Amino acid sequence: MPKFFYRAQLGITSTRRKLQQCAAENLIDKCWRCKPDWAQNRQELAKCALGFAKGTTGGQGGEIYIVTDPSDDDAANPKTGTLRFGVIQNKPLWITFEKDMIISLKHELVINKDKTIDGRGVKVEIANGAGFILPNITNVIIHGIHMHDIKATEGGLIKAVEDKPAGPRHKTDGDGITIHGSSKIWIDHCSLSKGVDGLIDVTLGSTDITVSNCKFTQHQKVITKPIYI
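Computed from a predicted structure; not experimentally measured. Within each chain, residues carry numbers counting from 1 in the order of the written sequence. Reporting in this predicted model follows two pLDDT cut-offs: at least 70 for local features of residues, and 80 or more for side-chain atom pairs to be given and counted; totals over whole chains, interfaces and linings ignore these cut-offs and use all residues. Side-chain numbers here rest on the full set of heavy atoms in the structure, without hydrogens or water.

This next bit is on the packing of aromatic side chains. When two rings of Phe, Tyr or Trp (its six-membered ring) have centres within 6.5 Å they constitute a pair, described as stacked for plane angles under 30 degrees, edge-to-face for angles over 60, and tilted for the intermediate range. Evaluated as defined, the whole model comprises two aromatic pairs. When the centroid spacing of 6.3 Å and the interplanar angle of 25° are considered together, the rings of Tyr65 and Phe85 count as stacked. Taken as a pair, Tyr65 in strand β2 (residues 63-67) and Phe85 in helix α2 (residues 83-87) lie far apart in primary sequence, 20 residues in all. Over the ring of Trp32 we find Arg120; its NZ or CZ atom is 4.5 Å from the centre of that ring. Counting from the N terminus, the helices are the DSSP runs of H or I reaching at least four residues and the strands are the DSSP runs of E reaching at least two. By definition, being over a ring means that NZ of Lys or CZ of Arg is both within 6 Å of the ring centre and within 35 degrees of the ring normal.

Pasting the structure below:
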């Protein structure tokens with residue numbers, strides 16, 4: 001039976017807190033937010049997962065990859081420094097961001113296994129383009145990302161794995177985050193709004209999923225999933 005843990009906040013104020021202040025309000029926040037050295041020890045976040053995704057490590061143990069370039073010009077041959085280049089690597093990576101940025105994805109972002117996308121300390125918006133897809137993978141953490149105005153985008157050649165050539169993918173439905181046949185996925189402290197289809201789509205036998213401390217606004221079809229809480 002698929003296992004899905006869902007804890008979210010609907011229709012309330014902005015999720016962004018001043019990280020320099022200690023404002024731990026739940027077990028996940030208490031696990032990391034009040035530690036003065038959290039920014040120097042980002043990978044400790046992996047110890048904080050709760051629910052069915054507990055034990056998800058994401059990119060823990062891997063290198064820190066810093067996104068410096070918000071562009072998404074070539075999904076078939078992504079540039080070093082872009083988010084797309086980081087998520088296709090065949091090794092654990094803890095992905096952070098150099099500064100506040102808005103990333104408009106021209107095609108869906110195909111995420112490889114053993115990754116953490118960590119937006120703490122900056123404001124990272126995925127907006128006015130495609131969303132994320134996690135297809136038949138395991139062990140991913142997505143934390144502190146703001147997604148809005150996600151569009152249905154055309155298919156095309158998209159590189160999904162570092163050591164394989166780009167392959168054709170179909171037109172997207174406009175979901176914010178799509179989880180297909182995947183397990184050990186933890187989505188925390190993200191905000192999602194104004195998508196074309198679902199904000200989070202969990203299907204095809206996906207299991208061991210936790211969505212925690214997320215906010216969903218300006219949308220009626222929030223999550224498509226088999227739900228077991």
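From this point, things continue past the structure.
With that out of the way, let us pick up the state of the cysteines. Here, a disulfide means two cysteine sulfur atoms that sit within 2.5 Å of each other. With the rule as written, the count across this model stands at one disulfide. Across the disulfide, Cys31 is cross-linked to Cys48 (sulfur-sulfur distance 2.1 Å). Its S-S torsion of approximately -80° makes the covalent link between Cys31 and Cys48 left-handed. Of this pair, Cys31 sits in helix α1 (residues 27-32) while Cys48 is found in the loop between α1 and β2, placing the two residues 17 residues apart along the sequence. With no disulfide of its own, Cys190 has Cys214 as its nearest cysteine by sulfur position, at a separation of 4.8 Å. Remark: exposure states derive from per-residue accessible area (1.4 Å probe, protein chains only) relative to the maximum for the residue type, with buried under 20%, exposed over 50%, and partly exposed in between. Look at Cys190 and you get buried, because its relative accessible area is 1%. Among the residues examined, Cys214 registers a relative accessible area of 0% and is labelled buried.

We now examine the pairing of strand β6 (residues 115-118). Alternating positions in β6 separate into two faces, Lys115 and Ile117 on one and Thr116 and Asp118 on the other, with burial throughout. Whether two strands pair depends on DSSP finding at least two bridges between them. In this sheet, β6 lies alongside strand β3 (residues 93-97) in parallel orientation, the contact comprising three bridges. Across the sheet, residue Leu93 finds its bridge partner in β6, namely Lys115. Note: β6 against strand β9 (residues 138-143), four bridges, orientation parallel. Across the sheet, residue Ile117 finds its bridge partner in β9, namely Ile142.

Quick look at the nonpolar core now. By size, the foremost hydrophobic cluster in this structure holds 40 residues, and its most contacted members are Leu83, Phe97, Ile111, Phe132, Ile142, Ile177 and Ile187. By residue number, the principal contributor to this core is strand β17 (residues 207-217), which donates four residues. The term nonpolar core refers to a set of buried residues drawn from Ala, Val, Leu, Ile, Met, Phe, Trp, Tyr and Cys, joined through side-chain atoms within 4.5 Å. Of all hydrophobic cores here, the second largest spans eleven residues; its members include Leu45, Ala53, Ile141 and Trp186.

On to the side chain of Asn213, then. Relative to the assigned elements, Asn213 resides in strand β17. Relative accessible area serves as the criterion here: at 7%, Asn213 is assigned to the buried category.

Function cannot be inferred from these measures alone, as they are strictly geometric.
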